[in-house]
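Okay, here's what each chain looks like letter by letter:
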Amino acid sequence: MGTPGFTRSTRAEDGVRRAGSRAWALALVWREPAFVVALTALAAVLRLYRIGDLPFGLHGDEGIVGLEAHRILDEGWIGPYVRISAGFPAGSLYLIAGVIGVLGDSVFSVRFGMALLGIATVPIAYVAFRQAVPWRIALMAALLLTVSNWHVHLSRVAYLVIAWPFMEVIAVGFLLAGFRNGRWYCYAAAGVATGFAWYAYNAALLFPAAIAVTLCLRFLFGRGVPRLREAMLYGIFALSALLAAWPMLEYARDPKNDFWSHHEAVSIRSTQAYEDADTPYQKAEFYAGRARDYFDAIARKSVPDRADGLGVKPPIDRVTVILALLGVFIALWRWREPLYALSLVSLPAMALGSILTFDGIYRRTFGIVPFIMLLAGSVLGVLWEHADRLSLPVR
């Protein structure tokens, strides 16, 4: 017969253990949502704090955005593209018009819509990456995106380019979900988001190209999916992207709109340096020099941009650059995984936006940012995983 005091003590200890176990299980269930909420809150603080005052003043391009938003309020639909200021897609103007319609005219109103897209990109990126990688890697990638000087800066000004990575992470999330569950509607949603990316920024056309290359690689080297079904799903994706982009395609193919004049005006093929390169070797040397200049500008020696204000210092800090370079090796090791394959394709593909044009070096390659942060976050996430495995169990 046991001692009464001992029995009461044992029952109390068992109750504490059960309560602790339930609390730990609950913490594990809510761990990821809590992290996402915390990151979103941090992203909001960084992107909204004194947004009407910092950066100082209203740049001319931001003013044009405000004027075009007013045109939408006055006229309604103005088409998928506007020709003012050399021309740019009008997609995000409709969001800004709605904000101005509600909040009235102010620097804050013009910038607020783009800040919202920048904030929303963070949790959506986490959810998208989480479809393919462990939560620690997704968390580290989203954290780096949250505090990225490049992303924060362009979230705080009324430059429509911030919608580019926003549409990217939506498309990637649906596409990776489609890879996992094989549902046709995930491929359709991914296609729509990919097609809508063109309405974000001129250079965002590089993203559908990177997606197309990745899907071709997956079709050729992927495993486990019947080829006919895979081809049908990819067809649904392509058709959805085509339908979403159709208004812009119709606009671009109409000669009177002179759509491609903007691209020709900023092409390096129109520069004297390109014309001076006569032989194929000189042309190759010219392009190699452009690639070196691009890497230097984003990672080593910044180039000030008098339009968007970037370039006072490199938009990616050296630690993140080193982590991303190390992350390339992880991506090469896991190249059959679609998210890493897309990252490897996106690095050179989206760099072309700056390599093949002059000026706007940090805007025309902005779509690369989520993938750089994924590669850098992969290193931190893997280190975290290994640290957990090596740590001693807590008693």
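Our subject is the structure listed above.
A short tour of the structure in this document, coming up. Owing to the predicted nature of the structure, the values given are computational and were not obtained by experimental measurement.

The rules behind these values
- Residues numbered from 1 in each chain as written.
- Predicted model: local features only at pLDDT ≥ 70, side-chain atom pairs only at ≥ 80, totals over all residues.
- Heavy atoms only, no water.
- Core = buried A, V, L, I, M, F, W, Y, C linked by side-chain atoms within 4.5 Å.
- Buried < 20%, exposed > 50% of the residue type's maximum accessible area, 1.4 Å probe, protein only.
- Helix = DSSP H or I, 4+ residues; strand = E, 2+ residues; numbered from the N terminus.
- Contact = heavy atoms within 4.5 Å.
- Patch = residues over 30% accessible without salt bridge, like charges linked within 9 Å, V, L, I, M, F, W, Y side chains within 5 Å.
- Areas by Shrake-Rupley, 256 points an atom, 1.4 Å probe, with all protein chains shown as cover.
- Salt bridge = Lys/Arg side-chain N within 4 Å of Asp/Glu carboxyl O.
- Expected span 1.5 Å × (residues − 1).
- Phe/Tyr/Trp six-rings, centres within 6.5 Å; stacked < 30°, edge-to-face > 60°.
- Lys NZ or Arg CZ within 6 Å of the ring centre and 35° of its normal.

1. Some words on the nonpolar core
- By size, the foremost hydrophobic cluster in this structure holds 100 residues, and its most contacted members are L93, W150, W164 and F207.
- Take this core: its biggest share by element is eleven residues, from helix α7 (residues 163–181).
- When neighbours within four sequence positions are excluded, W150 is seen to be in contact with I298, L310, P315, I316, Y362, T365, F366, I368 and V369.
- With eight residues, the next largest nonpolar core counts Y199, A245, Y251 and F259 among its residues.

2. Quick notes on a nonpolar patch on the surface
- Nonpolar side chains collect at one region of the surface, where V213, L217, L220, F221 and W335 lie side by side and expose about 440 Å² of accessible area between them.
- Along the chain, the position of L220 falls in helix α9 (residues 206–221).
- Of the residues examined, L220 reaches a relative accessible area of 58% and is grouped as exposed.

3. A word on helix α2 (residues 60–75)
- Here α2 is 16 residues long and its end C-alpha atoms lie 22 Å apart, about the 22 Å a rise of 1.5 Å per residue gives.
- On its buried side, α2 packs onto β1 (81–82), β2 (88–89), α3 (91–103) and α4 (107–130).
- One or two positions beyond α2, positive phi appears at G76, with a value near 85°.

4. Let's talk about unusual backbone geometry
- For the bond running from L54 to P55, omega is 0°, close enough to zero to count as cis.
- Topologically, P55 is positioned in the loop between α1 (4–48) and α2.
- Positive phi is not limited to glycine here, since D258 has a value of about 50°.
- Within the secondary structure, D258 sits in the loop between α10 (227–253) and α11 (261–265).

5. Describing the pattern of salt bridges
- Inspection of every chain in the model, using the stated rule, returns twelve salt bridges.
- R136 is the salt-bridge partner of D388, the closest N and O atoms lying 2.5 Å from each other. You can see D388 sitting in helix α16 (residues 369–390) and its partner R136 sitting in helix α5 (residues 135–147), a full 252 residues away along the chain.
- Residue classification places D388 among the partly exposed residues on the basis of a relative accessible area of 36%.
- Under the relative-accessibility criterion, R136 is labelled buried at 18%.

6. As for the packing of aromatic side chains
- A full pass over the atoms with the stated rule returns 21 aromatic pairs.
- Ring centres 5.7 Å apart and planes at 75° place the aromatic pair F221 and W335 in the edge-to-face group. Taken together, the residues span a long stretch of sequence, with F221 in helix α9 and W335 in the loop between α14 (318–333) and α15 (338–355) at a distance of 114 residues.
- Ring geometry for Y274 versus F286: centroids 5.8 Å apart, planes at 70°, classification edge-to-face. Highlighted residues: Y274 in helix α12 (residues 272–276) and F286 in helix α13 (residues 280–299), separated in sequence by twelve residues.
- Overall, the relative accessible area of 11% leaves Y274 in the buried class.
- The buried category is assigned to F286, whose relative accessible area is 16%.
- Over the face of the ring belonging to Y274 we find K283, whose NZ or CZ atom lies 4.6 Å from the ring centre.

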